[in-house]
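For reference, the chains in residue letters:
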Amino acid sequence: MKSTHIMAGVMGWPVSHSRSPVIHNHWISEYGLSGAYGLFPVHPSQLEAAIRGLQALGLAGCNITIPHKVDAMRFVDWVDPLAVRMGAINTIVVQQDGALHGFNHDGYGYVQSLREAQPNWQADTGPAVILGAGGAARAIVVSLLDGGATDIRILNRTLSKADDLAQEFGMAVRALNWSERADALEGAALLVNTTSLGMNGESALDIDLSKLPISALVSDIIYVPLETPLLHAARLKGNTTVNGLGMLLHQARPAFHAWFGVMPQVTPQLKNAILATF
Ligand code: NAP
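As the structure is a prediction and not an experimental result, all values here were calculated from the model.

(A) Examining the site of the ligand more closely. Contacts to the ligand come from 20 residues, most closely from Asn156, Thr158, Lys161, Met199 and Ile221. Taking Ala133, its main chain carries an N or O atom lying 3.0 Å from an oxygen atom of the ligand. Gly244 places a polar main-chain atom, nitrogen or oxygen, 3.0 Å from a nitrogen atom of the ligand. Alone, the ligand offers 920 Å² of accessible surface; in the complex the protein occludes 75% of this. At a threshold of 2 Å from the grid points, most atoms of the ligand map onto the largest pocket. For the shell around the ligand, the elements supplying multiple residues, two or more each, are helix 5 (135–146) and helix 8 (245–260).

Encoded structure:
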């Protein structure tokens, strides 16, 4: 019989910086549930054993974070087709029969964060410029394509990684040289930074925004600091900006729903609880 005390957590290496326990434990308390969400520091050499142990320990599932998001796919019994296209999982849900199912909610979280700023936002509004071609960029490309985007321009320091995405995802996705980033903004409806540039402790993203239309939404998936130099410059220019906190909070919602049976909401109280950890 399934326990009414529900446990979940996040596996990463290192994992102590993760804000996921704050998010999920906030919701457990807010919705009056019995359960707990913990941190699991899992060394890469122990990943398979840790994942296979979820069911034996009676956990409802777990989140998967850096550096395990790609490797974890090999150790679950089924991977959601969306996560297959994204090439990574960030959530495992233990099924009633003990099978382990893998999902990726990063793209969902990203789109929801844009909708928080602009409720009617649509991926097919116009060209999207993506800076970076790592794991997060890949999840965002898939979500934009599924939303109907027909012109996605990817610029990455290492061109070959942007080329790989363009080859894999077809005509709607183009790889451009990193040095072309200012010109690539012409006519864009969305600009998103998925590189680590602008994060606390890293150098700022160096980009001239003069060709970016004022109507473009500018987002940065970094959330420390909340306003990166890119968002600061875009806000001064008059563009609507979206920081990375919304993506972090919204990606957690479908996982919580799968484990705890409640689709939780992102509230100002939750945002304050996270901001208090910075
Ligand atoms: P990743 O796979 O390691 O990709 C990192 C990207 O940053 C690559 O495109 C890399 O370019 C680029 N980059 C790193 N240093 C650079 C530099 N000095 N100049 C230019 N480009 C540089 O990482 P990821 O998982 O995609 O995560 C990327 C960022 O998103 C991180 O800051 C992470 O914290 C954030 N993130 C936020 C959320 C959220 O919920 N808000 C979720 C996921 C990730 P190369 O290919 O040339 O190395």
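There is more to say, and it comes next.
(B) Geometry of the pairing of strand 10 (residues 190–193). Where burial is concerned, the two faces of strand 10 agree: the one with Leu190 and Val192 and the one with Leu191 and Asn193 are both buried. Across four bridges, strand 7 (residues 128–131) lies against strand 10 in parallel orientation. Paired with Ala128 across the two strands is Leu190, which belongs to strand 10.

(C) How the structure looks around the layout of surface pockets. The calculated volume of the largest pocket comes to roughly 1,500 Å³. Taken together, 46 residues line the largest pocket, and the ones lying closest to its centre are Ile66, Lys69, Ala136, Met199 and Ile221. Secondary-structure elements contributing two or more residues to the lining of the largest pocket are strand 3 (61–64), helix 5 and helix 8. Among the elements that make up the lining of the largest pocket, the one with the highest residue count is helix 5 (four residues). Residues of the lining of the largest pocket, tallied by class, amount to 21 nonpolar, 18 polar and seven charged. Two domains each put at least three residues into the lining of the largest pocket: domain 1 (6–104 + 248–275) and domain 2 (107–243).

(D) View of the sheet that holds strand 4 (residues 78–79). Read from one edge to the other, the open sheet built from six strands follows the order 2-1-3-5-6-4, with strand pairing classed as mixed. Each end of this open sheet is capped by a strand with a single partner; those strands are strand 2 (35–41) and strand 4. Across four bridges, strand 1 (residues 6–12) lies against strand 3 in parallel orientation. Note on strand 3: the bridge partner recorded for Ala8 is Gly61. Sheet strands touched by helix 1 (residues 20–30): strand 1, strand 2 and strand 3. Its angle to strand 2, the strand with the most contacts, is close to 170°.

(E) Region of interest: the nonpolar core. In this structure, Ile130, Leu144, Ile152 and Ile154 are the most contacted members of the largest nonpolar core, which totals 31 residues. Secondary structure elements with two or more residues in this core: helix 4 (106–117), strand 7, helix 5, strand 8 (152–156), helix 6 (159–169) and strand 10. For this core, the leading source of residues is helix 5, giving seven residues. Other than its neighbours up to four places away in sequence, Ile154 contacts Ile130, Gly132, Ala133, Val141, Ala162, Leu165, Val173, Arg174, Ala175 and Leu176.

(F) Up close: empty space enclosed by the protein. Counted according to the given criterion, the structure contains one cavity of 30 Å³ or more. The calculated volume of the largest cavity comes to roughly 40 Å³. Forming the walls of the largest cavity are Trp121, Gln122, Ala123, Thr125, Gly126, Ala128, Leu144, Ala189 and Leu190. Of the residues in the lining of the largest cavity, the class split is six nonpolar, three polar and no charged.

Thresholds, definitions, all that
Residues numbered from 1 in each chain as written. Predicted model: local features only at pLDDT ≥ 70, side-chain atom pairs only at ≥ 80, totals over all residues. Heavy atoms only, no water. Near = heavy atom within 4 Å. Polar contact = N/O pair within 3.5 Å; in protein donor to acceptor, adjacent residues only side chain to side chain. Areas by Shrake-Rupley, 256 points an atom, 1.4 Å probe, with all protein chains shown as cover. 1 Å grid on protein atoms, 1.4 Å probe; cavity = no way out; pocket = protein on both sides within 12 Å on 5 of 7 lines; lining within 4 Å. Sits in = over half its atoms within 2 Å of the grid points. Helix = DSSP H or I, 4+ residues; strand = E, 2+ residues; numbered from the N terminus. Buried < 20%, exposed > 50% of the residue type's maximum accessible area, 1.4 Å probe, protein only. Pairing = 2+ DSSP bridges. Points joined across faces, edges and corners; volume = space filled by probe spheres on them. Nonpolar A, V, L, I, M, F, W, Y, C, P; charged D, E, K, R; others polar. Domains from an automatic or database assignment. Contact = heavy atoms within 4.5 Å. Axes fitted to C-alpha atoms, helices over the stretch in contact; angles between N-to-C directions. Core = buried A, V, L, I, M, F, W, Y, C linked by side-chain atoms within 4.5 Å.

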